[in-house]
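Take a look at the letters that make up each chain.
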Amino acid sequence: MRRGWRQHDLAVAARVSQSTVSRLERGHLDKLPTATIRRVMAALDLRVELRVRWRGGELDRLLDRAHATLGEAVVRWLVARGWEVRPEVSFARYGERGVIDVLARHPASGSLLAIELKTALVDLQELMASIDRKVRLAAPVAASLGWQSTTVSGLVVVAQGRTNRRRVADHRRLLRAAFPTDGRRMRAWLRQPAEPVRGLMFWPDSHGQHARPPTSSRQRVSRGRLSVVRVAGSPNS
């Protein structure tokens, strides 16, 4: 529409038939090869992404051991500081479905925190949209768990690494606007939460031996009910 193209014009640009463009425009995709769909979209400077989902969560959660390692480290660190924690909380509200990587509540202050874990930063726009949605839905999701909250905050925890550091540096202004609370201030807030915040902090590399802060004891964290564990140490990012 912006270019003033007809179906025929798009078909010529994408080197496909007009009937192919017509089927695509009407959403009849079953008999169109993926390569053809991509070619038509490329003619309009669009990108096609195929996302596979399984039982309400993204399939890569099942396959990504680094994501699980990062999550376990964050959960232990929060529990040791008095937070109540629920990992991998699925939600389905008002047609919106997804999973909050870590949902945490600070009993003393009533602060609620929705955490997004990222072992790799790929689509920053999707990341910002995702954390916005989860912060917006966190209070009713927490209420369904029996948690009452006074404020809701959001935090993105990014695995340490050169690529992720460079990605953040390349988009510093965008990310600072979306997540104004940096790692240093975020760690202080986590110890004494008050007003709602949006933050981004790095965590030691989830692929290596530094995935977990130094601890005096180790205890498996289940995905069901969590018991309080005492852990010494803090993330060194």
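Scroll up a little and you will see the structure.
As the structure is a prediction and not an experimental result, all values here were calculated from the model. (Residues numbered from 1 in each chain as written. Predicted model: local features only at pLDDT ≥ 70, side-chain atom pairs only at ≥ 80, totals over all residues. Heavy atoms only, no water.)

It is worth spelling out a nonpolar patch on the surface at this point. A surface patch of nonpolar side chains, amounting to about 250 Å² of accessible area, comprises Trp5, Leu44 and Leu46. Mapped onto the elements, Leu44 comes out in the loop between helix H3 (34-43) and strand S1 (53-54). (Patch = residues over 30% accessible without salt bridge, like charges linked within 9 Å, V, L, I, M, F, W, Y side chains within 5 Å. Areas by Shrake-Rupley, 256 points an atom, 1.4 Å probe, with all protein chains shown as cover. Salt bridge = Lys/Arg side-chain N within 4 Å of Asp/Glu carboxyl O. Helix = DSSP H or I, 4+ residues; strand = E, 2+ residues; numbered from the N terminus.)

For the rest of this paragraph, the subject is the pairing of strand S4 (residues 96-106). The buried fraction of S4 is high, at 9 of 11 residues. Here strand S3 (residues 84-93) runs beside S4; their pairing, made up of 9 bridges, is antiparallel. Residue pairing in the sheet places Arg86 in a bridge with Leu103 of S4. Two successive antiparallel strands, S3 and S4, enclose a turn made up of 2 residues, where Tyr94 displays a positive phi of approximately 55°. The turn linking S4 back onto strand S5 (residues 111-118) is made up of 4 residues, and Gly110 within it adopts a positive phi angle of 75°. (Buried < 20%, exposed > 50% of the residue type's maximum accessible area, 1.4 Å probe, protein only. Pairing = 2+ DSSP bridges.)

Judged by nonpolar contacts, the single largest core of 24 residues is most densely connected at Leu103, Val156 and Phe179. If you list the elements that add at least two residues to this core, you get S3, S4, S5, helix H6 (124-144), strand S6 (151-159) and strand S7 (198-203). No other element matches the 9 residues that H6 contributes to this core. Apart from residues lying up to four places away in sequence, Val156 is in contact with Glu116, Lys118, Leu127, Ile131, Phe179, Gly199, Leu200 and Met201. Of all hydrophobic cores here, the second largest spans 23 residues; its members include Ala73, Trp77, Leu78 and Val102. (Core = buried A, V, L, I, M, F, W, Y, C linked by side-chain atoms within 4.5 Å. Contact = heavy atoms within 4.5 Å.)

Note that all results are geometric; they support no functional claim without further evidence.
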